[in-house]
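As a plain string of letters, each chain reads:
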Number of protein chains: 4
Amino acid sequence: MVSYRCADCGSSRIGDGSRPTKRQMTSNRLSVAVVGCGYWGPNLIRNFADNPRSCVTWLVDRDPARLHRLAERYPAARRATELDDALQDPGLGAVAIATPVSTHFALAARCLRAGKHVLLEKPMARTVVECDELIRLAREGNLTLLVDHTFIYTGAVRKIKELIAAQELGDIYYFDSVRVNLGLFQHDVNVVWDLAPHDLSIMDNVLPQRPHQLAAHGACHVAGSRMENIAYLALKFADDTLAHFHVNWLAPAKIRRIIIGGSKRMLVYDDLSPDEKIKIYDRGLKMKNEADPRQFLAEYRIGDLYVPNVDSTEALKREADHFLDCIQLGVSPESDGAAGRRVVRILEAAQESLERNGVLVDL
Amino acid sequence: MVSYRCADCGSSRIGDGSRPTKRQMTSNRLSVAVVGCGYWGPNLIRNFADNPRSCVTWLVDRDPARLHRLAERYPAARRATELDDALQDPGLGAVAIATPVSTHFALAARCLRAGKHVLLEKPMARTVVECDELIRLAREGNLTLLVDHTFIYTGAVRKIKELIAAQELGDIYYFDSVRVNLGLFQHDVNVVWDLAPHDLSIMDNVLPQRPHQLAAHGACHVAGSRMENIAYLALKFADDTLAHFHVNWLAPAKIRRIIIGGSKRMLVYDDLSPDEKIKIYDRGLKMKNEADPRQFLAEYRIGDLYVPNVDSTEALKREADHFLDCIQLGVSPESDGAAGRRVVRILEAAQESLERNGVLVDL
Amino acid sequence: MVSYRCADCGSSRIGDGSRPTKRQMTSNRLSVAVVGCGYWGPNLIRNFADNPRSCVTWLVDRDPARLHRLAERYPAARRATELDDALQDPGLGAVAIATPVSTHFALAARCLRAGKHVLLEKPMARTVVECDELIRLAREGNLTLLVDHTFIYTGAVRKIKELIAAQELGDIYYFDSVRVNLGLFQHDVNVVWDLAPHDLSIMDNVLPQRPHQLAAHGACHVAGSRMENIAYLALKFADDTLAHFHVNWLAPAKIRRIIIGGSKRMLVYDDLSPDEKIKIYDRGLKMKNEADPRQFLAEYRIGDLYVPNVDSTEALKREADHFLDCIQLGVSPESDGAAGRRVVRILEAAQESLERNGVLVDL
Amino acid sequence: MVSYRCADCGSSRIGDGSRPTKRQMTSNRLSVAVVGCGYWGPNLIRNFADNPRSCVTWLVDRDPARLHRLAERYPAARRATELDDALQDPGLGAVAIATPVSTHFALAARCLRAGKHVLLEKPMARTVVECDELIRLAREGNLTLLVDHTFIYTGAVRKIKELIAAQELGDIYYFDSVRVNLGLFQHDVNVVWDLAPHDLSIMDNVLPQRPHQLAAHGACHVAGSRMENIAYLALKFADDTLAHFHVNWLAPAKIRRIIIGGSKRMLVYDDLSPDEKIKIYDRGLKMKNEADPRQFLAEYRIGDLYVPNVDSTEALKREADHFLDCIQLGVSPESDGAAGRRVVRILEAAQESLERNGVLVDL
């Protein structure tokens, strides 16, 4: 542990020193620009500012008033209403983008072309074509491209992934997700694009299989809007696995719950529970040997219930650390462009199914 | 209030006396046969036995051991393994049928042809063709045909119906139902036919609109079975109303919850809550006047929450009373053959959609 | 397994035959009289009637209307408004008493003097003097005297006892009980005598230590009544164990919860939870070695949470079986007269403390 | 609304301008020093820093490392390890003190003698003698002395106070509080001094009556400590009102719940519920007219349940505003020295009762 002064932000801190980065850095700490300082951006700013291996050197937003307010807390960061001002800074190492999805592709492409690593808000882009291009740019520039699938960095989802990988649940039968609340209507995306990426990225991360077909049903209840505020997605897999997602901006009470059924055990993940986020039920089917066709084919088995203690580290802190590791050690992000693309492909297909009255779309 | 002796069961009780029935009765009390004495039958027996306007004179079941056990509690009732033995009894006024769905049509048709009123377990039959024939037989025989949609006789559902009818929720936006638990697998019907009739009959009873299209997705996870143990039904209406049903025999924990979203208020009906079955949320959308396309179109409004006290009378007690009223006063049952047929039509369509991989089926 | 006909009730059943009893029985089944057929009595009747080793031959109650109603269900049982009519029956083996506490002593003493085994509703009697006399009568008559501490026969309490006996919780620090609801006011006993016996008998059963001092605080809010409707009992032990009981007839919502803190683990028993009655928390203190007086002495440790599956056999069924075992095998009841007396001693002391404004009373 | 520059902290903001203060201020904003920057202090700093009518000009703490860390966020505030450095600043208007209780009297007295307004952490002091002296100093100096009874500034407690004042609950029968969790053991105070002030200050604020006697029972389970980690307080009033407090540092799960029983309605305040903090039950007693001594004296009445929407403004924000109002308008704080003294008197009495094995102490 050594004390040092950051060449960019000028702060003097006690950190773990500078590990060599895969790219030439002008400073001990990775210099980060945050683009989009509205709802989510301040969380990115705080986490890169608090991380001893990075500092926030640029705040970029179209709205000068927002920048002005943030400047009180982060006086050392430069402010810009245009991304290019930041990109021209040769000391800038990475850009974290938290803008509306319609701008993701253009902004991320400019950053990658300027040789900057990118942390990109989910969903990654509007189309898989855009995703493919961003993946190509990152690969060719030898740059890290991490999609901000925040939930996969929570202690709860990591625990679920670990349990499934260790075959604790057995074969996965279904993945049922409900994410509903009284949410703010957005003018540019429907509820699927707004809420489903959370749960789709969790499914993508924890399940070993990939879905291959999808149908979506939804409705719009806001006069004058054509954006669905409620939707249901059914995803089919090559085997008998079934995944289902209920997203809803117009529910009276908040529910954020995923049920995963397996051949050995079943699991409920309630993100709103302060102490019992994951419940593992040692319950399931018990086959009967009887061949009597008038009898039931199967009966159930009830064992104990187990609530593992879950690491409560802030997901974004872990994600920021992982982003810095990827840049410095050259490893691939857990939520890389390919994961981002898979989620966008599902969103694209859901959109098509919604528009065609629930038709089944191949993924 | 007069004391009298029942001509059929011989018991002497203090009751509300004999009201004239629309059909010629041989006794003060309606004489009822219960067919099918397995899981649900004993509840029918108890309710008709305890009702001062009826008595149970016949217990009919294929299994003599079952009949033997029941005889200890109801020694005055005659026992039969064949329905026809009971139907030949000229004093018998009505038959309550609680057998597997595949037998409903044949049994109910025989009862109606024998001039007996019928209370028929849900789902009413396997097909709408069967339903139509039963409706015709009842109409021609001037007989009461009541389908046992038990839930619509609960205090909770009656309260919901009353709230919707009084426009307390405003226009209905969606009806979202989840009924999942670790249930016994059945050999003859899938989870849709087993669980969905409860919620479909509730929807049919409380909503003013009728669905006109349906898609269903499901899966089967029991080796050797072809019966779905998990399924999702999406129902579309002529307007923007959307209804959705999740039924699941393989869920680790029990959930029985219906959310109804309306333009004025929203409601959660949790059947498992002992004290707070219905929560009415004074929450919803608040439109903004601003035309700025960069702003949200709508924002939400949060008011108080209200939990009405709900009548806890046993649903089947109320239903038995209603059945007797229908017979004696000639009124039409709240859950009549037409209601039973509408539920069966949805089940039929769901079956077709499941078999054709989620295709949209017209209702 | 043999089929046989009971000499007393005349029923023919398939049972496990007759094991020899410690007393001379006139029949294959123990013939039981139930005295007091109000709220709790019918549960005793049902359990002894359903048990293949016993039959209910006498129903005794002051109220002929009650007896009349029960006769419909149990036509073979004789009815009496006076206990002595039943006691004169030489075939009667045992009496289950479910009358108000003020009558317990007189009724139980008469039964014991008549040579009948006794199952006696809790609390056992009004005073320890009465308890001592009943214990003496049972011992001298070589008769079984079981106090109906129903809760100790539940799967949940048996599991708790097992966990504590196996040192799974470590040393017991405290036992905190809350039993509150909107209850019916009784004219003859206060809330302590009505509700606390449940929790006191649980504590008596599961804890290895015995309390040696008590203080009680309460209040009465019913005009014209002098019976407390809310009370708090604090019980002290020779070591640092502390037990506390909150009983309340005037609480808006029902709570039935016991928290047991131990040096290794802690436990919450929520009797109202359908699926998670017992939660075992692997949480507690972790001592620090630091001697710095400005630092905390201890910090906490958080591990997993475990919800054991609990046997759901009806407590009274298990208790009736145990009563029959005690009679036939001569073993001592788990809730014997001594246990009943310990609970009464605490109630007596609580009464004294309430009357003397919370003074500490030795047990 | 005018833009102005603060003379002390130098920041330029848009605020509601400068209202005249009752004391001569050197600036537009009240200049505040925060003493004690550990657990709670940073919340005071943030609230006075964010309030447009105040600025934080001094951070005082014994620990230079803490001051160093805070300086990154509040670079404009001066730092001191000695309070007197701040008190010598003639521009300083008020001091917020968040240090251990043993230091409250000495620090607050110095501030008041130096002519500074004081916001003092709860409990106000160790003894009522200390409280009386602080009250005297404030009165003589014409200074505001506000005790930080944070909870009384929450939307929930304000709603409760309003309901009781409007006689919505009728006469108050009891006030039952449980505040338990797995808490950090403190070396200088027991669990009563640590947790009970929250609930005692709520009771003091919402109830119209004052308690006049107290008994406390507790135990210590930490080897080598003599500080109680669990305690029960029973408080008696001149009428039949009863208040009771359970505080516990060694509970496996967090409970923060107050039940208030009244003659008309009852209320449950669950501070941990995100959406349903206050439930108002229209339940209670219904008197019977029958004089039959064998019947119940009273039976219960069950009506609807109502969950008012509660203002979610941060309590400390409202309290800081109120503190500034008191200073500028000369009004008396809602949590003034007298309220602080009443809470301390109860703590003192509880301590005495604990030490004398639960003896009843007059208040």
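All residue numbers refer to position in the chain's written sequence, counted from 1. A letter from A marks each chain and a number from 1 marks each ligand, given out in the order of writing. Thresholds applied to this predicted model are a pLDDT of at least 70 for local features of residues and 80 or more for the giving and counting of side-chain atom pairs; totals over whole chains, interfaces and linings are not thresholded and use all residues.

**Here's the deal with the overall build of chain A**
The secondary structure listing takes helices from DSSP runs of H or I that are at least 4 residues long and strands from runs of E that are at least 2 residues long, numbered from the N terminus. A count of helical and extended segments in chain A gives 9 helices and 17 strands. Three exposure classes are used, based on other C-beta atoms lying within 10 Å of a residue's own C-beta, which is placed from the backbone: buried for 20 or more, exposed for 12 or fewer, and partly exposed in between. Considering chain A as a whole, with its 363 residues, one finds that 51% of them fall into the buried category. The contact criterion used is a C-beta to C-beta distance within 7 Å, with each C-beta placed from the backbone. Within chain A, residue pairs in contact and separated by at least 24 positions form 66% of the contacts whose partners lie at least 6 positions apart.

**Concerning the interface of chain D and chain C**
Contacts between the two partners involve 41 residues from chain D, matched on the other side by 42 residues from chain C. Every element with two or more residues in the side of chain D that touches chain C is listed here: β9 (172–182), β10 (211–219), β11 (230–237), β12 (242–248), β13 (250–262), β14 (266–270), β15 (278–287) and β16 (298–307) of chain D. The biggest single contributor to the side of chain D that touches chain C is β13 of chain D, with 6 residues. Looking at side-chain class alone, the side of chain D that touches chain C contains 28 nonpolar, 10 polar and 3 charged residues. Residues were grouped as follows: Ala, Val, Leu, Ile, Met, Phe, Trp, Tyr, Cys and Pro as nonpolar; Asp, Glu, Lys and Arg as charged; and all remaining residues, including Gly, as polar.

**Some thoughts on the relation of the copies chain D and chain C**
By a simple turn and slide, chain D fits onto chain C: the slide is 0.0 Å along the axis, the RMSD is 0.0 Å, and the turn is 180°. The operation mapping one copy onto its partner corresponds to a two-fold rotation axis. Closest approach to the rotation axis within chain D is made by the C-alpha atom of V359 of chain D, at a distance of 3.4 Å. The overlap is high: 100% of the interface residues of chain D also sit at the interface in chain C, so the same surface is used on both sides. Only residues with pLDDT of at least 70 in both copies count here: their C-alpha atoms drive the least-squares fit that superposes the copies.

**What about helix α6 (residues 155–165) of chain D?**
Restricting attention to buried positions, one finds in α6 of chain D the residues A156, V157, R158, K159 and I160 of chain D. In the segment just after α6 of chain D, Q167 of chain D is the residue with positive phi, at about 60°.

**Side note on the domain arrangement of chain A**
All names here are of chain A. Once the domains are mapped, chain A shows domain 1 (2–151 + 316–336) and domain 2 (154–310 + 344–362). Across the boundary between the two partners, domain 1 contributes 13 residues, which contact 13 residues of domain 2. Along the lines of polarity and charge, the residues of the side of domain 1 that touches domain 2 split into 8 nonpolar, 4 polar and 1 charged. As annotated, the domain borders come from an automatic or database domain assignment.

**Remarks on the packing of helix α1 (residues 41–50) of chain D against helix α8 (residues 315–329) of chain D**
Residues and elements named next belong to chain D. Interaxial angles span 0 to 180 degrees and are taken between N-to-C directions of axes, which are lines fitted to C-alpha atoms, for helices over the stretch in contact. Between α1 and α8, the least distance of the axes is 9 Å, while the angle of their chain directions is 60°. The orientation of α1 relative to α8 falls into the category oblique. Helix-helix and strand crossings are classified by hand; for α1 and α8 the assignment is right-handed. For the pair α1 and α8, the contacting residues are N43, N47 and F48 in the first and L316, K317 and A320 in the second. Looking at the contact of α1 with α8 residue by residue, the classes come out as 3 nonpolar, 2 polar and 1 charged. Working rule for angles: under 35 degrees goes down as roughly parallel, over 145 as roughly antiparallel, 65 to 115 as roughly perpendicular, anything else as oblique. Definitions for this section: a left-handed crossing has its near helix turned counterclockwise from the far helix by less than a right angle. A right-handed crossing has that turn clockwise.

**As for the packing of helix α4 (residues 104–113) of chain C against helix α5 (residues 128–141) of chain C**
Residues and elements named next belong to chain C. For the pair α4 and α5, interaxial distance at closest approach is 9 Å and the crossing angle is 10°. By the criterion of interaxial angle, the relationship of α4 to α5 is roughly parallel. Packed against α4, whose contacting residues are F105, A108, A109, L112 and R113, the element α5 presents E130, E133, L134, L137, A138 and G141 at the interface.

**Things to note about the pairing of strand β12 (residues 242–248) of chain C**
Put simply, side chains in a regular strand alternate between the two faces of the sheet. Residue and element names in this part refer to chain C. The buried fraction of β12 is high, at 7 of 7 residues. At least two DSSP bridges between two strands are needed for those strands to be called paired. Bridge analysis of strand β9 (residues 172–182) against β12 gives 7 bridges, and the strand direction is parallel. Pairing of V178 across the sheet is with H246, part of β12. The hairpin turn running from strand β11 (residues 230–237) into β12, its antiparallel successor, is 4 residues long.

**So, the sheet that holds strand β6 (residues 94–97) of chain C**
All names here are of chain C. Ordered in space as β5-β4-β3-β6-β7-β8, the 6 strands form an open sheet in which the pairing is parallel. Strands at the two margins of the open sheet, each flanked by one partner only, are β5 (78–80) and β8 (145–148). Averaged over neighbouring strand pairs, the angle between their axes works out to 25° when direction is ignored.

**Structural notes on α8 of chain D**
Residues and elements named next belong to chain D. For a helix, the expected span equals 1.5 Å multiplied by the residue count minus one. An ideal rise of 1.5 Å per residue puts 21 Å on 15 residues; α8 measures up with 20 Å between its terminal C-alpha atoms. Looking only at α8, the buried set comprises A315, E319, A320, F323, L324, C326 and I327. Tucked into the core, α8 has its buried residues touching β3 (30–35), α1, β4 (54–60), β6 (94–97), β7 (117–121) and β8 (145–148). A positive backbone phi angle near 75° is found at G330, which sits one or two residues after α8.

**A look at the sheet that holds strand β8 (residues 145–148) of chain B**
Residue and element names in this part refer to chain B. Strand order in this open sheet of 6 strands is β5-β4-β3-β6-β7-β8, and the pairing throughout is parallel. Only two strands of the sheet have a single neighbouring strand rather than two, namely β5 (78–80) and β8. Taken pair by pair, the neighbouring strands of this sheet meet at an average axis angle of 25°, ignoring direction. Here strand β3 (residues 30–35) runs beside strand β6 (residues 94–97); their pairing, made up of 4 bridges, is parallel. When the bridges of β6 are listed, A33 appears paired with V95. Each of β3, β6 and β7 (117–121) touches helix α4 (residues 104–113); the most contacted strand, β7, lies at about 170° to it.

**Topic: the nonpolar core**
Ranked by internal contacts, the top residues of the largest apolar core, which has 456 residues, are V34 of chain A, V34 of chain B, V34 of chain C together with V34 of chain D. Excluding residues that lie within four positions of it along the chain, V34 of chain D makes contacts with G41, L44, I45, V56, L59, V60, A96 and A98 of chain D. To form a nonpolar core, buried Ala, Val, Leu, Ile, Met, Phe, Trp, Tyr and Cys residues must be joined through C-beta atoms within 7 Å.

**Considerations on the pairing of strand β7 (residues 117–121) of chain A**
Residue and element names in this part refer to chain A. Within β7, 5 of the 5 residues are buried, leaving the element largely enclosed by the surrounding structure. Burial along β7 is two-sided: H117, L119 and E121 facing one way and V118 and L120 facing the other are all buried. Here 4 bridges tie strand β6 (residues 94–97) to β7, and the two strands are oriented parallel to one another. Residue A94 lies in a different strand from β7, and its bridge partner there is H117. For the handedness criterion, the β-α-β arrangement of β6, helix α4 (residues 104–113) and β7 is classed as right-handed. Taken together, the 4 bridges between β7 and strand β8 (residues 145–148) define a ladder with parallel strand orientation. Across the sheet, L119 pairs through a bridge with L146, a residue of β8. For a crossover, the right-handed case is the one in which the path from the first strand over the helix to the second runs clockwise, viewed with the strands pointing away from the viewer. Handedness of the crossover joining β7 and β8 through helix α5 (residues 128–141) is recorded here as right-handed.

**Some remarks on unusual backbone geometry**
Omega for the bond connecting K122 of chain B with P123 of chain B falls within 30 degrees of zero, at -10°, which places this linkage in the cis form. Tracing the chain through its elements places P123 of chain B in the loop between β7 and α5 (128–141). The backbone of N142 of chain A sits at a positive phi, close to 55°, despite the residue not being glycine. Locating N142 of chain A in the fold gives a position in the loop between α5 and β8.

**Points about the environment of Y174 of chain D**
Residue and element names in this part refer to chain D. The residue Y174 is located in strand β9 in this model. Judged by local crowding, Y174 falls into the buried class, with 23 C-beta atoms found within 10 Å. C-alpha of Y174 to C-alpha of V247: the two residues are 73 residues apart in sequence and 17 Å apart in space.

**A closer look at the environment of R46 of chain C**
Following the sequence through the fold, R46 of chain C ends up in helix α1 (residues 41–50). For the pair formed by R46 of chain C and Y74 of chain C, sequence separation is 28 residues and the distance between their alpha carbons is 9.3 Å.

**Some points on the confidence of the model for chain A**
Think of pLDDT as the predictor's per-residue confidence, scored from 0 to 100. Residues at a pLDDT of 70 or more form 89% of chain A, whose mean pLDDT is 89. Of the regions scoring below 50 in pLDDT, residues 1–26 of chain A engages in 47 contacts with residues more than four places distant in sequence or in other chains.

**Structural notes on the environment of R73 of chain A**
Among the structural elements, R73 of chain A can be located in helix α2 (residues 64–73). A count of 12 C-beta atoms within 10 Å places R73 of chain A in the exposed class.

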